[in-house]
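# Structural overview
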Amino acid sequence: MIKYDISDKLTDMVEHLPCSFQKFRDVESIIKIVDIDGRAQVRDFSEDIERMLGKYTANLLNFQSHLMNLNATLPPTSCFFLLQFDYYNSMLVNTMDDDGNFIELGGEFPLEENEHFNNIPVNTMQSDVQVPTNVYNKDPYILNGIYMSEALNDVFANNFKKDPTLTWQYFGSSSGFFRIYPGIKWTPDSNGVAAFDCRNRNWYIQAATSPKDIIIVVDISGSMKGLKMTIAKHTINTILDTLGENDFVNVIAYTDYVRYVEPCFQGTLVQADLDNREHFKVLVDDLHVKGEGKVAKAMKESFKILNEGQGSLCNQAIMLITDGAMEDFKDVFEEFNWPDRRVRLFTYLIGREMTFADNTKWIACNNKGYYTHISTLADVQENVMEYLHVLSRPMVINHNHDIIWTEAYMDSVAQSLLLMTSVAMPVFSKKKETLSHGILLGVVGSDIPLLEVMKLAPRYRLGPHGYAFLITNNGYILAHPDLRPLYKDGKKLKPKPNYNSVDLAEVEWEDIDETLRTAMVKGETGTLSLNVRASVDKAKRPMFLTNDYFYTTINDTPFSFGMVLTRGHGQLMFMGTVSVEEGLHDLTSPDLSIAAEWTYCETDIDPHHRKYSQLQAVIRYLQGKEPDLECDDVLLQQTLFDAVVTAPLEAYWQAIMLNASGTEAGVETAFLGTRSGIIRLTRYTGMETRVAKKFLTPADKDNLFTMDHFPLWYRLAMENPPGRFLYYMPVEDNDNKDKTGTVGLPSIGVQMSLEMLEKRLWAITFQVREQHTHTNIQTHTNVGRFFGEVDGSVMTALITSGMFKQVSLYDYQGMCRSGHSHSSSARPLLSVSQFNFCGLWHSDYIVDAHKAKKVDALQPCDTEYPGFVYDSSIRETNSLIKCGRCQKMFVVQAVPESNLVLMVVQADCDCSRQYSSITLEPKEVKYNASVKCNRMKSQKVRRRPNSCHAYHPKETGCTESTVNNNNLLKGCTSLSG
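What you see is a predicted model; the values in this text were computed from it and never measured.

## Digging into the overall build of the chain
Secondary structure assignment for the chain yields 25 helices and 43 strands. In the chain, which comprises 977 residues, the share counted as buried stands at 57%. The long-range fraction of contacts in the chain, counting pairs at least 24 apart against all pairs at least 6 apart in sequence, stands at 73%. Of the roughly 41,400 Å² of accessible surface on the chain, a fraction of 50% belongs to carbon and sulfur atoms.

If you want it as structure tokens, here you go:
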């Protein structure tokens, strides 16, 4: 029969590959299969991560000690003292005037590109200072702080010398300047503005204050019209920007009645995550003034919310934004806040009028708060930031130095798209004369690339489908192979708006009851098994796996670490031993490479080693030329063993190349991969004639061993039944008409042009040349398309017969077109199918997606998309489809020992009117108002930070804005430098 002829012919092309394992049989007696102990492995990984992160906290304690000791030796902070002090301003360094002289604060500052710092030019001998455009760079406060922080230069440099794996180290001052090491040339925005203000960064805010419950109360009476309302809205947005995932918030507007800007949030606090903050901003922008302002009701409502026992249960505050408070609030405060004054009141008087200044100041001063007058938009930023210093007082007076860790974020300094986390802690004045005022000097911090953290859970220990991940105390993902923080806007990659607030439940969505999430957020240690619908190949191919989850907490951090091993091969490892001499001989073979992104040897500890690739480092270590390298001995043992066992393939493949009749035209590459990250490959065609020019090159990330995954062909083959050949078609891009196919057994295969397979098919089915030519054109028109799009009638029949089953998959990180229409989610889900050859070539796992057209506005959304799975128990089917006046007959048969099916379809009956095409475009999941409200205000299980500093009995004084007050007091010491 035809199907068996096809199978035999295709098998001829690859059947010799397993025979190359005679070497494996020779060493089989010294091989052992090891069961991976998931509990022990997750413990070992977490302890390694804990040691790595502990190194950063030790450095911070050193920074803090130096700064506080130096500050104690300076004159009293109760008076300004003028400094004539030059420093390296990162915006101005290496800038010359028209006469060729360096401008003031912009002296010569040597910079050199450094691979360790994302290849940006840096000065590893010196730090420099960034000052936001809205802060005067020679303000006495600024000069004082810069002078004091000069002591950090040597500390930063010595730290980096002792540990070259460190990245950015910095100090953010409460006055606004930012000292960063290594020094850089700061790049302003397109308008020449340095908008970056360290005090707005999450690491600064979290370190400076304990978690906060904030009610923002804004006056929208008629007197607030015009510029006043514009300033008020900007003030609200600036306050919202000072909140993070450990904080809770609500916004109330008032006239003569109380109005929640989001009615859904009435009477409650919601987590101040990015989604909620941005939602509030949109609603605040729509506020309009009217009526008479009476704030007493709004005050009572605010106190009632804060007394409900919700939120962070730490710092509590009401932010009153108004142009005047005429009422007497004494009764309200006596009922709700006095005598304990547990809730602080911060008042922001808007506009130029000062008629009600005394009243608004009285409100703040009698409730442990802060009063400020904001008359212009330029005043907002500095005045709002002052409330953070008030909230920091109890912690500062206590001399507590809580160490905080941030959620994931992208490095804005290096303008990198790599995810980082920051560790930070406050620096405060230890002077006795200012103890009760709680003077916060600033925050010291350091960045940790999450990629480096996850290297401590090496891929080879996890298997083809296994992975490791990190989450925060709020359940947000720090690192996970299914986290997709970027989307494509035209040709440019951009961060998604909510990239750092993706919840574990949105990625591990099969955990319907959130059992895994709850246990990890609570910091528990344990295991869980789940049957999951996974997907590979950009979500085109669903897989059904049984995953064992192992998880534990990372001590002294708010993080939890998880690890997945897939049942079966994922929990087993081959272990074999060969001599170093024999292994080295085969490791240096020209056809062999190892995973460039894996860490066989740590080349980042000693800068001298950074010039080596991983393969070079391994070879030099094994040769004894670099004995100081720190290498993974287990991985090296596996690598050497795999190199020896697979060595005969090189000679065999070379012999085929030299034999004129050895390879058929169209076979381009033979390749093999092993769990240790080895890839062997032989090219049978040159680059000029090769169809798959990208296949197994450094740019072909999907088909290589990377930090996130094993090669696609390796993962597909692992789920393929033993002895069965897997065929799939990698396509380099959507517009490439030169298609290629890949065939092989687990971890070994050949790559060939599709044209070669076409010729084989037509030769076997005895097609005449004319038919061949016609069909070939049709094939190249439809190749790469999902068959349901080509013929919805036949695909519907195949689904009805059970030969293919539809499954639903979900993407909670999608990006949809704004409004009611939608495009594909930003997986990105591309329309390149890997199965279809004019309806004749089919893989057993099929998922596709619609290519998103370029749109102007994309926003985060949830999507559902279908996948189709071939039921291998159904070997053949046929049917007759009635389509109006004609009937369409088709026959489908499975090709033995492969994942292909042969389909013959009657072509002269058009059923497109009766049967629409079956597209695999993801569809946005729409939520009604009630569901949307519940989702927004739902409080998932979270772990509160361990400490809270909301009150101190020695705290005294009522604060009032002193922004832009540069008066110098007599009797102060004048220093110059």
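Moving on from the model shown.
## Remarks on the nonpolar core
The biggest cluster of nonpolar side chains holds 146 residues, and the ones touching the most others in it are Trp-168, Phe-469, Leu-470, Tyr-549 and Phe-561. If you look at the next biggest cluster of nonpolar residues, it comprises 41 residues, including Leu-243, Val-251, Cys-264 and Val-380.

## Brief notes about the sheet that holds strand E20 (residues 477-479)
Taken together, the five strands give an open sheet; going across it, the order is E20-E19-E25-E24-E23, and neighbouring strands pair in antiparallel fashion. Every interior strand has two partners, whereas the edge strands, E20 and strand E23 (526-536), have only one. Pairs of neighbouring strands in the sheet enclose a mean axial angle of 35°, with direction left out of account. Of the strand pairs in this sheet, strand E19 (residues 467-471) and E20 are connected by two bridges, and their pairing is antiparallel. Residue pairing for E20: Leu-470 is matched across the bridge by Ala-479.

## Thoughts on the state of the cysteines
Any covalent bond linking the sulfur atoms of two cysteines counts as a disulfide. Enumeration over the complete set of coordinates arrives at six disulfides. A sulfur-sulfur separation of 1.7 Å characterises the disulfide bridge that pairs Cys-883 with Cys-911. Between Cys-883 and Cys-911 the sulfur-sulfur dihedral comes to about 90°; the bridge is accordingly right-handed. Taken together, the positions of Cys-883 in strand E38 (residues 876-883) and Cys-911 in the loop between strand E40 (901-905) and strand E41 (923-924) put the pair 28 residues apart, joining distant regions of the chain. Both residues of the pair, Cys-883 and Cys-911, count as buried. Between the sulfur of Cys-886 and that of Cys-909 lies a disulfide, 1.9 Å long from S to S.

## Observations concerning the environment of Trp-405
Locating Trp-405 in the fold gives a position in strand E15 (residues 404-405). Judged by relative accessible area, which is 5%, Trp-405 ranks as buried. Taking the C-alpha atoms as reference, Trp-405 lies 8.5 Å from Phe-559; in sequence the two are 154 residues apart. For Trp-405, the residues in contact, after removing those within four places along its chain, are Leu-53, Thr-57, Gln-206, Thr-421, Ser-422, Val-423, Ile-448, Asp-556, Thr-557, Pro-558 and Phe-559.

## Remarks on the confidence of the model for the chain
Atomic detail in the predicted coordinates should be set aside for any region of low pLDDT. On average, residues of the chain carry a pLDDT of 84, and 85% of them reach 70 or more. The least confident element of the chain, judged by mean pLDDT, is strand E36 (residues 845-846) at 36; the most confident is strand E8 (residues 212-219) at 98. Within the model, the stretch residues 16-20 combines pLDDT values under 50 with 10 contacts to residues more than four positions away or in other chains. Segment residues 820-855 is flagged for pLDDT under 50; beyond a separation of four residues in sequence, or across chains, it makes 153 contacts in the model.

## Re helix H19 (residues 633-658)
In this model H19 runs 38 Å from its N-terminal to its C-terminal C-alpha over 26 residues, within 8% of the 38 Å that 1.5 Å per residue would give. At Thr-646, H19 shows its largest bend, some 40°, and a proline, Pro-648, comes one to four positions later. For H19, the N-terminal capping position is held by Asp-632, with its side-chain oxygen 3.2 Å away from the main-chain nitrogen of Val-634.

## Quick word on the packing of aromatic side chains
Enumeration according to the criterion identifies 38 aromatic pairs in this entry. Their ring planes at 80° and their centres at 5.3 Å tell us that Trp-509 and Tyr-810 sit as a pair that is edge-to-face. Of this pair, Trp-509 sits in the loop between helix H15 (504-507) and helix H16 (515-521) while Tyr-810 sits in strand E35 (residues 804-817), and the two are 301 residues apart along the sequence. By relative accessible area, Trp-509 is classed as buried at 16%. Overall, Tyr-810 belongs to the partly exposed group, its relative accessible area being 23%. One aromatic cluster is present, built from ring pairs that chain together Trp-598, Tyr-600, Phe-671, Phe-695, Phe-705, Phe-710, Trp-713 and Tyr-714. Just above the ring of Tyr-927 sits the side chain of Arg-935; from NZ or CZ to the centre is 4.2 Å.

## Section: the side chain of Glu-955
Of note, Glu-955 is situated in the loop between helix H25 (929-937) and strand E42 (959-960). Residue Glu-955 is classed as buried on the basis of its relative accessible area of 13%.

## Focus: the sheet that holds strand E39 (residues 886-894)
Strands sit in the order E38-E39-E40 across an open sheet of three strands; the sheet is antiparallel. Only two strands of the sheet have a single neighbouring strand rather than two, namely E38 and E40. Strand-to-strand twist of the sheet, defined as the mean angle between neighbouring strand axes without regard to direction, takes the value 15°. The pairing of E38 with E39 spans eight bridges and is antiparallel.

## Section: the pattern of salt bridges
If you walk through the whole model with that rule in mind, you get 28 salt bridges. The salt bridge involving Glu-955 is made with Arg-393; its shortest N-O contact spans 3.4 Å. Of this pair, Glu-955 sits in the loop between H25 and E42 while Arg-393 sits in helix H13 (residues 393-397), placing them 562 residues apart in sequence. For Arg-533, the salt bridge goes to Glu-510, with nearest N and O atoms at 2.7 Å.

## Topic: unusual backbone geometry
Between Tyr-181 and the following residue, Pro-182, the backbone shows a cis peptide bond with an omega angle of -5°. Among the secondary structure elements, Pro-182 is positioned in the loop between strand E7 (178-181) and helix H6 (202-208). Trp-338 connects to Pro-339 through a cis peptide bond whose omega is 5°. Mapped onto the fold, Pro-339 is located in the loop between helix H10 (330-336) and strand E13 (343-350). Positioned with a positive phi, Asn-118 is a non-glycine residue whose angle comes to about 60°. Within the secondary structure, Asn-118 sits in the loop between strand E3 (112-114) and strand E4 (120-122). Asn-118 gets classed as partly exposed once you look at its relative accessible area, which sits at 35%.

## Digging into the pairing of strand E22 (residues 492-495)
Where strand E21 (residues 486-489) lies against E22, four bridges are found, and the strand directions are antiparallel. Following the sheet pairing, Leu-486 is matched in E22 by Pro-495. Here E21 hands over to E22 after two residues, with Gly-490 in that stretch at a positive phi of 70°.

## Topic: the environment of Pro-449
One can find Pro-449 in strand E18 (residues 440-449). A C-alpha to C-alpha distance of 6.2 Å links Pro-449 and Leu-419, two positions 30 residues apart in sequence. Each residue touching Pro-449, except ones within four places of it in the same chain, is listed here: Thr-167, Leu-419 and Met-420.

## Concerning the pairing of strand E26 (residues 572-575)
Residues Met-573 and Met-575 point to one face of E26 and are all buried, whereas Leu-572 and Phe-574, pointing to the other face, are not buried. Where strand E1 (residues 32-35) meets E26, four bridges bridge the pair, whose relative direction is antiparallel. If you follow Lys-32 over to E26, its bridge partner there is Met-575.

## Some remarks on the packing of helix H17 (residues 580-587) against helix H18 (residues 614-622)
Put simply, H17 and H18 touch, their axes get as near as 11 Å, and they point 150° apart. Taken together, H17 and H18 sit at an angle that is classed as roughly antiparallel. In this structure, H17 crosses over H18, and the sense of that crossing is left-handed. Residues Val-580, Leu-584 and Leu-587 of H17 touch H18, and the partners they reach there are Leu-615, Val-618, Ile-619 and Leu-622.

## Quick word on the side chain of Asn-89
Inspection of the secondary structure puts Asn-89 in the loop between strand E2 (83-84) and E3. Accessibility expressed as a relative area gives 3% for Asn-89, which makes it buried. Asn-89 has contacts with Leu-105, Val-129, Val-131 and Asn-137, leaving out every residue within four places of it along the chain.

Quick notes on the rules
- Residues numbered from 1 in each chain as written.
- Predicted model: local features only at pLDDT ≥ 70, side-chain atom pairs only at ≥ 80, totals over all residues.
- Heavy atoms only, no water.
- Helix = DSSP H or I, 4+ residues; strand = E, 2+ residues; numbered from the N terminus.
- Buried < 20%, exposed > 50% of the residue type's maximum accessible area, 1.4 Å probe, protein only.
- Contact = heavy atoms within 4.5 Å.
- Areas by Shrake-Rupley, 256 points an atom, 1.4 Å probe, with all protein chains shown as cover.
- Core = buried A, V, L, I, M, F, W, Y, C linked by side-chain atoms within 4.5 Å.
- Pairing = 2+ DSSP bridges.
- Axes fitted to C-alpha atoms, helices over the stretch in contact; angles between N-to-C directions.
- Disulfide = S-S within 2.5 Å.
- pLDDT = per-residue confidence, 0-100.
- Expected span 1.5 Å × (residues − 1).
- Bend = angle between axes of the 7 residues up to and from the residue.
- Polar contact = N/O pair within 3.5 Å; in protein donor to acceptor, adjacent residues only side chain to side chain.
- Phe/Tyr/Trp six-rings, centres within 6.5 Å; stacked < 30°, edge-to-face > 60°.
- Lys NZ or Arg CZ within 6 Å of the ring centre and 35° of its normal.
- Salt bridge = Lys/Arg side-chain N within 4 Å of Asp/Glu carboxyl O.
- Parallel < 35°, antiparallel > 145°, perpendicular 65-115°, else oblique.
- Left-handed = near helix turned anticlockwise from the far one by under 90°.

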